[in-house]
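# Residue-level structure breakdown
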Amino acid sequence: MSRSEGITALSENPTDVFLDVSKLLITYADNILRNPSEDKYRSIRIENPTFSAKLLPVKGAVECLFEMGFEEAETHLVFPKSASVEKLRQVRETIAAERDQRLGDSKATSNPQSVSVPPPASSPAPAPAPTPAPASIPFTSSSVTFLKTLQSNFQHVMVYENPALQQKALSCIPHVLLRAKAKERLKQASDADSACGLEEEDMLVLDLLQWFKGDFFSWVDSLPCSRCGGKTQPSGSLPPSNDDLRWNAGRVENHYCQTCQLSTRFPRYNNPEKLLETRRGRCGEWANCFTLCCRALGLEARYIWDSTDHVWTEVYSHSQRRWLHCDPCENACDKPLLYEVGWGKKLSYIFAFSKDQIVDVTWRYSCKHPEVLSRRTQISETRLLHALNELNATRQRSIEPERKKQLMERLVVELVEFISPKTPKSGDLGGRSSGSLAWRAARGETGASNTKEDADGCVFIPLESEKQKKLFHISYNVAKDCYFRLSNGSETIPGWHRGAWRKENLFRKEENDWQMVYLARTEGSAFGKISWKFDCTSVGMKIKSASVRAFSQTFHSGNVCWSLRSGQTTIEFPGDGEMHSATNLSGGTELFVEAELTGGEGNESWQHSQLFRQSLKDTEKVLFELLVEIDET
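This report concerns the structure included in the present document. Just so it is clear, the structure is predicted and the values come from calculations on it, not from any experiment. (Residues numbered from 1 in each chain as written. Predicted model: local features only at pLDDT ≥ 70, side-chain atom pairs only at ≥ 80, totals over all residues. Heavy atoms only, no water.)

## Describing the overall build of the chain
Quick reminder of the rule: A run of H or I in DSSP counts as a helix once it spans at least four residues, and a run of E counts as a strand once it spans at least two, with each numbered from the N terminus. With a 1.4 Å probe rolled over the protein chains alone, any residue whose accessible area is under 20% of its type maximum counts as buried; one over 50% counts as exposed, and the rest are partly exposed. The contact rule is simple, with two residues in contact once any of their heavy atoms fall within 4.5 Å.
Regarding its fold elements, the chain presents 17 helices and 30 strands. The burial tally for the chain puts 50% of its 633 residues in the buried class. Expressed as a percentage of contacts within the chain between residues at least 6 apart in sequence, the contacts between residues at least 24 apart total 69%.

Right, here's the structure in full:
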């Protein structure tokens with residue numbers, strides 16, 4: 001049997017980790033093969049300590065179980081009666097063959113330095129205990145994907161420790177000049193405050209941020225046409241070349257010139273060595289390259305990943321005994337509430353990745369801890385804690401005791417910081433500065449009113465280009481899970497919920513077996529609602545007419561009610577995929593489009609009313625579209 005993705009991923013683990021986990025996987029398989037009629041061997045309890053602590057955090061382990069034929073249930077993984085025992089046997093034999101080979105290699109090697117991971121040392125420092133979780137969250141494939149993202153980021157940061165790469169980065173940095181500036185900045189601070197306890201490296205961080213944004217790296221909204229130099233528009237993606245893949249650019253954007261009818265390729269490189277040459281990108285490229293530059297200067301730095309689509313860096317201040325938030329895109333230092341308070345982001349998970357440790361630092365970046373906790377639904381807090389402990393235990397096996405003690409002391413300081421939510425300061429209140437106004441507005445990160453998220457959700461407000469065209473036009477593609485603001489150059493807003501004004505009991509469902517995707521009610525709910533809001537009051541415009549196209553599908557007694565409302569006028573329309581227009585809107589300034597999902601039968605009633613159902617492969621189909629003609633008041 002050829003290697004599957006799960007077995008390939010499992011094989012990438014260090015040898016001792018692979019041997020431990022493969023033994024467990026083989027045991028699970030053998031129990032079924034030897035006792036095919038015994039139900040107890042066909043079920044693995046997710047809360048079982050062996051599964052949650054030893055299998056779940058390891059890359060590829062759970063995927064191998066799925067490939068054997070196990071399926072998800074509420075509290076267990078189950079090998080159903082209908083599953084192929086032959087497939088189970090094949091996966092088991094492939095894992096066993098790899099295990100035998102590694103055991104043979106291990107016996108044939110007498111040099112202890114050839115072992116890929118040193119033997120376990122003393123117990124690792126515990127990960128920070130998060131705020132108590134809500135009701136238990138079932139284990140799902142999304143939990144596996146979430147953990148794989150953590151594992152991937154944790155592995156990626158090791159590239160910053162490559163001495164040759166650090167030297168290459170240092171050759172790009174005017175470090176002598178920056179250190180001279182830092183020394184002068186420290187002198188000025190000390191002259192102003194005789195009790196100043198800061199050090200030169202604190203100032204170096206500030207000067208590095210300023211240089212990186214002002215002189216070294218550049219932001220990309222869209223690339224100029226490679227032929228005429230004119231403006232291009234993002235137009236989907238292109239297949240990566242071998243050279244793109246060499247530099248970890250699995251995604252290549254197509255920036256299309258309407259004049260030349262030419263595509264300009266924009267590979268999204270994930271290799272910081274390549275970024276030292278290209279010196280351009282968006283937040284992913286910025287944080288990736290900046291973190292490398294910090295390490296090249298000898299600063300302790302870690303890569304910060306925000307699950308709501310942003311990344312940045314933290315640098316440790318020895319003089320202040322704490323980690324400092326550093327966002328190179330914004331030239332911002334020590335403004336942790338910038339995203340939640342300034343940009344209006346709805347945070348859920350934020351993790352810090354360094355060569356030694358992964359830490360859940362969500363609470364540093366929020367002053368609304370209960371709200372954040374309610375959105376942490378990817379994985380139960382208990383399972384997340386187990387996973388972080390396992391990842392840290394594996395990474396810290398070769399760390400000296402003194403370094404472990406230091407990490408533990410720092411962790412305690414962080415835990416104390418996380419207990420009490422911060423109070424916003426004036427520096428936290430500004431909107432985003434990186435990227436075009438339209439791009440920032442489309443993401444709801446201007447901190448102002450072009451496209452904003454209030455206490456409930458998103459409100460679309462005409463941008464300057466839309467005022468000139470007197471047209472607002474947006475569409476939503478459920479397969480891509482992305483809004484396209486067509487009236488402003490196809491600006492994008494990822495995530496169905498981020499473009500909605502109100503949403504209740506709704507989620508995006510992917511049916512991997514049927515390869516279908518749609519929005520539906522959450523399981524067990526009697527109804528679901530979603531609405532979108534357009535408001536042109538603040539820009540001195542009024543609504544002339546509106547057209548909306550939506551598609552919904554019902555089964556059994558399920559029902560979807562669509563309505564469009566402006567002022568005192570409410571119009572109901574069918575979700576038949578046709579465009580429906582309304583011209584008698586009386587010059588109102590606000591417009592609402594709403595869908596309410598009800599009905600259905602039995603335990604599956606939540607599935608009997610669906611919005612925008614389509615194939616996951618049909619990535620170009622658009623089943624929701626809103627056009628609003630506006631005029632001056």
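## Brief notes about the nonpolar core
The line we're drawing: Definition of nonpolar core: a set of buried residues of the types Ala, Val, Leu, Ile, Met, Phe, Trp, Tyr and Cys, connected through side-chain atoms within 4.5 Å.
Membership of the largest hydrophobic core comes to 88 residues, with the highest contact counts inside it found for Phe51, Leu65, Leu150 and Phe351. Excluding its chain neighbours within four sequence positions, the residues that come into contact with Phe351 are Phe146, Leu150, Tyr303, Ile304, Trp305, Ile358, Val359, Asp360, Val361, Leu384 and Leu388. One finds Ala500, Leu519, Ala582 and Phe592 within the second-largest nonpolar core, a separate group that totals 46 residues.

## Brief notes about the sheet that holds strand S6 (residues 252-257)
Formally: One requirement defines pairing of two strands: DSSP has to find at least two bridges between them. Here an angle of 0 to 180 degrees is reported between the N-to-C directions of two axes, which are lines fitted to C-alpha atoms, with helices fitted over the stretch in contact.
The sheet built from 3 strands is open, its strands ordered S5-S6-S7 with antiparallel pairing. If you trace the sheet from one side to the other, it starts and ends with strand S5 (233-238) and strand S7 (262-267), each paired once. In this sheet, adjacent strand axes meet at a mean angle of 35° when their direction is disregarded. Bridging between S6 and S7 involves 6 bridges; their strand directions are antiparallel. The residue bridging Cys257 from the neighbouring strand is Leu262, located in S7.

## With respect to the state of the cysteines
Inclusion rule: Count a disulfide wherever a pair of cysteine sulfur atoms falls within 2.5 Å.
Scanning the entire structure with this criterion turns up 0 disulfides. Here Cys257 is not cross-linked by a disulfide; its sulfur's nearest cysteine counterpart is in Cys225, at 3.8 Å. A disulfide-free cysteine, Cys283 has its sulfur positioned 5.6 Å from the sulfur of Cys329, the nearest such atom. Of the residues examined, Cys283 reaches a relative accessible area of 10% and is grouped as buried.

## Details of a nonpolar patch on the surface
Basically, it comes down to this: Patch criteria: residues need more than 30% relative accessible area and no salt bridge. Like-charged residues are merged within 9 Å; nonpolar side chains of Val, Leu, Ile, Met, Phe, Trp and Tyr are merged within 5 Å. To measure how exposed things are, a 1.4 Å probe is used in the Shrake-Rupley method; for residues, cover is taken only from the protein chains shown. Whenever a carboxyl oxygen of Asp or Glu lies within 4 Å of a side-chain nitrogen of Lys or Arg, that contact is scored as a salt bridge.
Where nonpolar side chains cluster on the molecular surface, the patch consists of Met408, Val412, Val416 and Ile419 and spans about 370 Å² of accessible area. Summarising the element assignment, Met408 is placed in helix H15 (residues 401-419).

## So, unusual backbone geometry
What you tend to see is this: most non-glycine residues have negative phi, and most peptide bonds are trans. Backbone geometry at Arg279 places phi at a positive 55°, although glycine is not the residue there. Locating Arg279 in the fold gives a position in the loop between helix H11 (272-278) and strand S8 (280-281). The backbone phi angle of Asn331 is positive, close to 50°, even though this residue is not glycine.

## Some words on the packing of helix H7 (residues 163-172) against helix H12 (residues 283-296)
To be explicit about the condition: Any angle that is under 35 degrees is reported as roughly parallel, and any over 145 degrees as roughly antiparallel; angles of 65 to 115 degrees are reported as roughly perpendicular and all others as oblique. Only Asp, Glu, Lys and Arg are considered charged in this grouping, and only Ala, Val, Leu, Ile, Met, Phe, Trp, Tyr, Cys and Pro are considered nonpolar; every other residue, Gly among them, is considered polar.
Their axes nearest at 8 Å, the elements H7 and H12 cross at an angle of 95°. Relative to H12, H7 is oriented roughly perpendicular. On H12, the residues that touch Leu165, Gln166, Ala169 and Leu170 of H7 are Leu292, Arg295 and Ala296. Considered class by class, the residues forming the contact of H7 with H12 number 5 nonpolar, 1 polar and 1 charged.

## Some thoughts on H7
As a reminder, the rule being used: This arc is built from the directions going out from the helix axis to the C-beta atoms.
All of the buried residues in H7 are Leu165, Gln166, Ala169 and Leu170. The buried residues of H7 all sit within an arc of 140° when viewed along its axis, so they share a single face. Every exposed residue of H7 that faces more than 90 degrees away from the buried side is listed here: Ala164 and Ser171. Contacts from the buried residues of H7 go to helix H8 (175-192), H11 and H12.

## Quick word on the pattern of salt bridges
With the rule as written, the count across this model stands at 43 salt bridges. The shortest N-O distance in the salt bridge between Glu314 and Arg302 comes to 2.8 Å. Placement of the pair is Glu314 in strand S10 (residues 310-317) and Arg302 in strand S9 (residues 301-306), with a sequence separation of 12 residues. For the pair formed by Glu314 and Arg302, the shared burial category is buried. Notably, a salt bridge pairs Glu620 with Lys480, separated by 3.4 Å at the nearest N-O pair. Taken together, the positions of Glu620 in the loop between strand S29 (609-615) and strand S30 (624-632) and Lys480 in the loop between strand S17 (471-477) and strand S18 (482-485) put the pair 140 residues apart, joining distant regions of the chain. Connected through salt bridges with shared partners, the residues Arg251, Glu253, Arg268, Arg282 and Glu285 form a single ionic network.

## Observations concerning the packing of aromatic side chains
How we decide: Pairing of aromatic rings covers Phe, Tyr and the six-membered ring of Trp, with a centre-to-centre limit of 6.5 Å; geometry is then stacked below 30 degrees between planes, edge-to-face above 60, and tilted otherwise.
For the structure shown, the criterion picks out 34 aromatic pairs. Ring centres of Tyr339 and Tyr365 lie 6.3 Å apart, and the angle between their planes is 40°; this geometry places the pair in the tilted category. Remark: Tyr365 occurs in the loop between strand S14 (358-360) and helix H13 (369-374) and Tyr339 occurs in the loop between strand S12 (332-333) and strand S13 (350-353); sequence separation between them is 26 residues. Side by side, Tyr339 and Tyr365 carry an identical accessibility label, which is buried. An angle of 45° between the planes, with centres 5.6 Å apart, marks the rings of Phe612 and Phe624 as tilted.

## Concerning the environment of Asn603
Mapped onto the elements, Asn603 comes out in the loop between strand S28 (590-598) and S29. Given the relative accessible area of 70%, Asn603 is considered exposed.

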